[in-house]
Amino acid sequence: CPGRAKPANSETLIIPATLSTQDAWAKACEVCRIREEEMTRHVADYFKLPLAKLSGAEGHALKLIPETLARRHSVIALRQSDRQLVVATANPGDFAAEQAIGFVSSRTPVFEVALPRELNAALDSRYSPERAFESLIDTLSAWAIEDVRVLEGTTPEPVSVNDSEAATVI
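Please read all numbers here as calculations on a predicted model, not as lab measurements. Positions within a chain are numbered from 1, following the residues in the order the chain's sequence is written. In keeping with the model being predicted, local features are shown solely for residues with a pLDDT of at least 70 and side-chain atom pairs are shown and tallied solely at 80 or more, while totals for entire chains, interfaces and linings include all residues. Excluded from the side-chain calculations are hydrogens and water; all other atoms, namely the structure's heavy atoms, are used.

A. Local environment of the overall build of the protein. The secondary structure content of the protein amounts to eight helices and three strands. By definition, any uninterrupted DSSP run of H or I lasting at least four residues is a helix, any uninterrupted run of E lasting at least two residues is a strand, and each is numbered from the N terminus. The linear arrangement of helices and strands in the protein, starting from the amino end, is α-α-α-α-β-β-α-β-α-α-α. Within the protein, buried positions represent 29% of all 170 residues. Taking the intrachain contacts of the protein between residues at least 6 apart in sequence as the baseline, contacts between residues at least 24 apart amount to 58%. Classification of residues uses two cut-offs on accessible area relative to the type maximum, computed with a 1.4 Å probe and protein chains only: under 20% is buried, over 50% is exposed, and between them is partly exposed. Any two residues whose heavy atoms approach within 4.5 Å are treated as being in contact.

What follows is the structure in structure tokens.
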């Protein structure tokens, strides 16, 4: 890696193409005896790419990549411009992902490097409705309990037949 020492045993590292990106990273970290965060820096240096900040993902950019494509290639859209879409990935050499993202977004993909486990967690929190609900519950549970009031004994307000048949005013 330019500017940094190569990880130990990296010359002898052989990773089968059938392994998932997350499993490949785990094997590489094990063989090279380094932490995943350090591996992320090595991969980013090798490809001359910045490290991704997943917490700064913009919602409108996320909508440019369908969930099936995002999960298939383990990518998260971070931000966009008229011509480019910045995407977090753990596999910046994935040409198929680059082509697919360019096709569906009509923008040139620009990769940033992120940990596979962080990408998977981001995919779950951003695309899965049940995960979004869990995230909302976690956020609500962080608030002080006295800030929440439960209203008991309230019923819906009755609506007359005339009101329900009235024409909608626009």
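B. Local environment of helix H5 (residues 95-105). Listed in full, the buried residues belonging to H5 are Ala97, Ile101, Gly102 and Ser105. Buried residues of H5, seen end-on, are gathered within an arc of 130 degrees and therefore sit on one face of the element. Among the exposed residues of H5, those oriented more than 90 degrees off its buried face are Phe95 and Phe103. Where the residues of H5 are buried, they touch helix H4 (67-73), strand S1 (75-80), strand S2 (84-89) and strand S3 (108-113). Here a polar contact is taken to be a pair of N or O atoms separated by no more than 3.5 Å, where protein atoms must pair a possible hydrogen donor with a possible acceptor and residues adjacent in sequence count only if both atoms sit in side chains. Its side-chain oxygen 3.3 Å from the backbone nitrogen of Ala96, Asp94 forms the N-cap of H5. At the exit of H5 stands Ser106, carrying a positive phi of roughly 60 degrees. Note that the arc is defined by the directions from the helix axis to the C-beta atoms.

C. Highlighting the environment of Asp124. Looking at the secondary structure, you find Asp124 in helix H6 (residues 116-127). Linking Asp124 and Arg71, residues 53 residues apart in sequence, is a C-alpha distance of 9.2 Å.

D. Region of interest: the packing of helix H1 (residues 21-32) against H6. An axis is simply a line fitted to the C-alpha atoms; with a helix, the fit covers only the stretch in contact. Between two such axes, the angle follows the N-to-C directions and lies from 0 to 180 degrees. One way to put it is that H1 packs onto H6 with a least axis distance of 9 Å and a crossing angle of 155 degrees. Taken together, H1 and H6 sit at an angle that is classed as roughly antiparallel. Together, Thr21, Gln22 and Trp25 of H1 and Pro116, Arg117 and Asn120 of H6 make up the contact between the two elements. In this classification, Asp, Glu, Lys and Arg are treated as charged, Ala, Val, Leu, Ile, Met, Phe, Trp, Tyr, Cys and Pro as nonpolar, and every other residue, Gly included, as polar. Looking at the contact of H1 with H6 residue by residue, the class counts come to two nonpolar, three polar and one charged. Angle categories: roughly parallel below 35 degrees, roughly antiparallel above 145, roughly perpendicular from 65 to 115, and oblique for all the rest.

E. Region of interest: the pattern of salt bridges. We count a salt bridge whenever a side-chain nitrogen from Lys or Arg sits within 4 Å of a carboxyl oxygen from Asp or Glu. A complete count under the given rule lists six salt bridges for this structure. Of the charged contacts in the structure, one is a salt bridge between Glu37 and Arg35, with a shortest N-O distance of 3.6 Å. Judged by relative accessible area, Arg35 falls into the exposed class, the value being 56%. Of the charged contacts in the structure, one is a salt bridge between Arg117 and Glu37, with a shortest N-O distance of 2.8 Å.

F. Main features of the pairing of S3. Direction of pairing for S2 relative to S3: parallel, over a ladder of six bridges. From the neighbouring strand, Gln84 faces S3, where its bridge partner is Thr108. Whether a crossover is right-handed depends on one test, that the path from the first strand over the helix to the second runs clockwise when the strands point away from the viewer. In this fold, the crossover linking S2 to S3 by way of H5 has right-handed handedness. Paired strands, as defined in this entry, are two strands with at least two bridges between them according to DSSP.

G. Molecular detail of the side chain of His73. You can see His73 is positioned in helix H4. The class for His73 is buried, based on a relative accessible area of 15%. Only 3.1 Å separates the side chain of His73 from the side chain of Asp94, close enough to count as a polar contact. Ignoring anything within four residues of it in the chain, the contact list for His73 reads Thr89, Asp94, Ala96, Ala97 and Ala100.

H. Main features of unusual backbone geometry. Non-glycine residue Lys48 carries a positive phi angle of around 55 degrees. Mapped onto the fold, Lys48 is located in the loop between helix H2 (36-47) and helix H3 (59-62). The class of Lys48 is exposed, set by a relative accessible area of 68%. Backbone geometry at Ser74 places phi at a positive 50 degrees, although glycine is not the residue there. With respect to the helices and strands, Ser74 occurs in the loop between H4 and S1.

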